[in-house]
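# Examining the three-dimensional arrangement
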Amino acid sequence: MTRYDGEHGGEGAGAERTFGALPPARGRAFALTWWGRAWLTALESTALDPGQLKAGRRLARAGAVGAVSVRPGRITAVVQDRDGTGHRADVLLQQLTDEQWDRFVDMAAERAGHVAALLDREMPTHLVEDAEPAGVELLPGLGDLEAECDCGAWDHCAHTAALCYQTARLLDQDPFVLLLMRGRGERALLEALESRAGTSGPGERPAGADGAHESNGMHGAHDGRGVDADEAFATGAVLPPLPDLPALPAEPGAPPSLDTETPPPAGIDPGALEFLAARTAAEAHRLLSEALREGQSGRQEHPTVPGATVAQDAVRLAAGEPAPEVAIRLAEGSGRGREGLAVAVRAWQRGGAEALEVLDEEWTLDWHTLARARAALDAAWEESERPPLKARGNRWTVVGAPVQLRLGRDGRWWPYRKERGRWTPAGAPAQDPATALATAEGATGP
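The rules we used
- Residues numbered from 1 in each chain as written.
- Predicted model: local features only at pLDDT ≥ 70, side-chain atom pairs only at ≥ 80, totals over all residues.
- Heavy atoms only, no water.
- Pairing = 2+ DSSP bridges.
- Helix = DSSP H or I, 4+ residues; strand = E, 2+ residues; numbered from the N terminus.
- Axes fitted to C-alpha atoms, helices over the stretch in contact; angles between N-to-C directions.
- Contact = heavy atoms within 4.5 Å.
- Parallel < 35°, antiparallel > 145°, perpendicular 65-115°, else oblique.
- Left-handed = near helix turned anticlockwise from the far one by under 90°.
- Phe/Tyr/Trp six-rings, centres within 6.5 Å; stacked < 30°, edge-to-face > 60°.
- Lys NZ or Arg CZ within 6 Å of the ring centre and 35° of its normal.
- Patch = residues over 30% accessible without salt bridge, like charges linked within 9 Å, V, L, I, M, F, W, Y side chains within 5 Å.
- Areas by Shrake-Rupley, 256 points an atom, 1.4 Å probe, with all protein chains shown as cover.
- Salt bridge = Lys/Arg side-chain N within 4 Å of Asp/Glu carboxyl O.
- Lys, Arg positive; Asp, Glu negative; His and termini not counted.
- Charge placed at Lys NZ, Arg CZ, Asp CG, Glu CD.
- Buried < 20%, exposed > 50% of the residue type's maximum accessible area, 1.4 Å probe, protein only.
- Polar contact = N/O pair within 3.5 Å; in protein donor to acceptor, adjacent residues only side chain to side chain.

Spatially, the five strands line up as an open sheet ordered β7-β8-β9-β10-β11, and their pairing is antiparallel. Looking at the sheet topology across the chains shown, the edges are occupied by β7 (389–392) and β11 (422–425). Neighbour-to-neighbour, the strand axes of this sheet turn through a mean angle of 30°, independent of strand direction. Sitting on the sheet, helix α13 (residues 337–360) is in contact with β8 (395–398), β9 (403–407), β10 (413–419) and β11, with an inclination near 50° to β11. Sitting on the sheet, helix α15 (residues 433–442) is in contact with β8, β9 and β10, with an inclination near 25° to β10.

The subject of this paragraph is the packing of helix α11 (residues 310–318) against α13. Interhelical geometry of α11 versus α13 gives an angle of 110° and a closest axis separation of 9 Å. Comparing their axes, α13 and α11 come out roughly perpendicular. Here the hand of the crossing between α11 and α13 comes out left-handed. The residues of α13 that touch α11, namely those facing Gln-312, Val-315, Arg-316 and Ala-318, are Leu-341, Ala-344, Val-345, Trp-348, Ala-353 and Leu-356.

Right, let's talk about the packing of aromatic side chains for a bit. This model, assessed by the stated rule, comprises four aromatic pairs. On the numbers, 6.2 Å between centres and 90° between planes, the contact of Trp-34 with Trp-35 is edge-to-face. The ring of Trp-363 has Arg-409 sitting right over it, with the charged end atom 4.4 Å from the ring centre.

Looking now at a nonpolar patch on the surface. A cluster of nonpolar residues, Leu-258, Ile-268, Leu-273 and Leu-276, forms a patch on the protein surface that exposes about 310 Å² of accessible area. Examined against the element boundaries, Ile-268 turns out to sit in the loop between α9 (229–235) and α10 (270–297).

Here strand β3 (residues 68–71) pairs with strand β4 (residues 74–80) via three bridges, running antiparallel. When the bridges of β4 are listed, Arg-71 appears paired with Arg-74. Connecting β3 to the antiparallel partner β4 that follows it, the hairpin turn spans two residues, and Gly-73 within it adopts a positive phi of roughly 85°. The pairing of β4 with strand β5 (residues 86–92) spans seven bridges and is antiparallel. Of the residues in β5, the one forming a bridge with Ile-75 is Val-91. Connecting the antiparallel pair β4 and β5 is a turn made up of five residues, with Gly-84 showing a positive phi of about 95°.

Once that is clear, we can look at a negative patch on the surface. Judged by side-chain charge, Glu-129, Glu-132, Glu-137, Asp-144 and Glu-146 come together as a negatively charged surface patch. Residue placement: Glu-129 occurs in helix α5 (residues 125–131).

The next thing to look at is the side chain of Arg-316. Topologically, Arg-316 is positioned in helix α11. Taking the relative accessible area as the measure of exposure, Arg-316 reaches 15% and is therefore buried. Polar side-chain contacts of Arg-316 include one of 2.7 Å to the side chain of Asp-313. In this structure Arg-316 touches Arg-279, Glu-283 and Trp-348, once residues within four positions along its chain are discounted.

Outside of glycine, negative phi angles account for most residues, and trans bonds account for most peptide bonds. Positive phi outside glycine occurs at Glu-321, with the angle close to 55°. Here Glu-321 shows up in the loop between α11 and α12 (324–334). Residue class for Glu-321 comes out exposed when judged on its relative accessible area of 73%. Although it is not a glycine, Arg-420 sits at a positive phi angle of roughly 50°. With respect to the helices and strands, the residue Arg-420 is situated in the loop between β10 and β11. The exposure class assigned to Arg-420 is exposed, which follows from its relative accessible area of 82%.

Dropping the structure here:
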């Protein structure tokens with residue numbers, strides 16, 4: 001846990017917070033929140049020497065960063081080298097002007113959700129987005145994090161980089177750390193918000209305004225004063241409309257690399273995890289694309305499909321062209337073997353879970369399904385042109401030829417062809433058995 005040693009001074013210029021040294025961070029990311037990652041992006045896009053960043057990560061992971069002092073415009077800590085030598089490291093961030101703070105307070109006071117989120121130790125994206133039109137940049141950008149270190153480096157060194165990585169962990173726990181660096185302590189900011197809103201009595205402040213970071217999980221709890229029901233209901237009529245949906249990205253995002261200097265725990269394959277993350281992003285992109293199309297058309301174009309079974313999901317993942325070592329694991333885990341999994345992938349690519357069911361399952365038709373199937377077969381060809389078919393279950397094989405028709409549970413006919421002694425899907429399904437059979441006869445491979 002972060003040790004909070006206090007906030008000194010009611011106004012921004014005199015405020016200071018000190019955080020005790022954090023334990024080593026081996027095996028975990030430095031930033032888990034989006035604003036913590038934005039802080040690290042500002043560092044990593046500014047530093048000129050990637051080697052110093054790597055050395056800084058190593059020092060931070062080892063717990064070499066001492067107590068961190070945070071005050072307007074600056075963070076400071078003593079960072080120990082691997083030989084035990086301590087260096088004072090400072091990172092500077094430009095403070096907001098009084099005019100910028102006034103605009104920020106005006107904006108935040110109009111939206112109670114902003115204040116509630118901050119009291120819950122969160123920084124919602126809409127808080128940052130709403131502040132930008134007011135000319136207030138809360139998060140640092142390219143070149144905003146300036147480095148000072150008594151080791152003599154003129155750019156970010158391992159010591160200032162380590163301090164920045166450690167600060168990202170503090171920001172994850174409390175975004176007020178960033179606001180203090182920008183020039184206002186928690187107490188001063190909340191008092192300004194309270195004064196601007198004009199909703200609190202003399203001497204009263206929202207819970208948490210004393211700077212204490214309670215450990216019972218009740219950040220931002222109010223003091224019991226509620227709002228009349230009719231007042232709360234009336235505000236619903238004046239709420240702004242929801243913003244438009246964001247545009248769909250052209251392609252799925254790339255997952256972060258898991259290739260770090262820290263060896264993975266036993267049984268964990270970083271390459272396999274990266275592949276799973278990439279396939280999950282691709283599937284999410286596909287589902288979102290379909291949902292947006294359906295929302296625009298006003299009708300559901302794709303029926304809801306139950307979640308895939310483990311066996312089906314192994315085939316779906318294999319269809320995503322995994323690395324050879326991942327493909328081997330999927331083949332073994334699915335119980336299909338390499339050739340069997342390749343055939344299953346062909347089926348999946350032609351029709352997803354339904355096509356895979358036709359590949360794997362042979363089922364007995366009830367009398368009325370069988371009657372409809374026979375009627376479809378009789379109507380598909382002239383009597384003199386109909387090929388001789390041998391029936392078994394839901395499968396009709398052409399006598400003397402390596403082609404087959406399979407009836408799906410939805411009434412469609414799936415073309416199959418025997419290749420190297422194995423029945424494999426030969427194309428897309430059709431409502432007409434003659435069309436499906438012609439596809440099977442014309443198929444020459446994948």
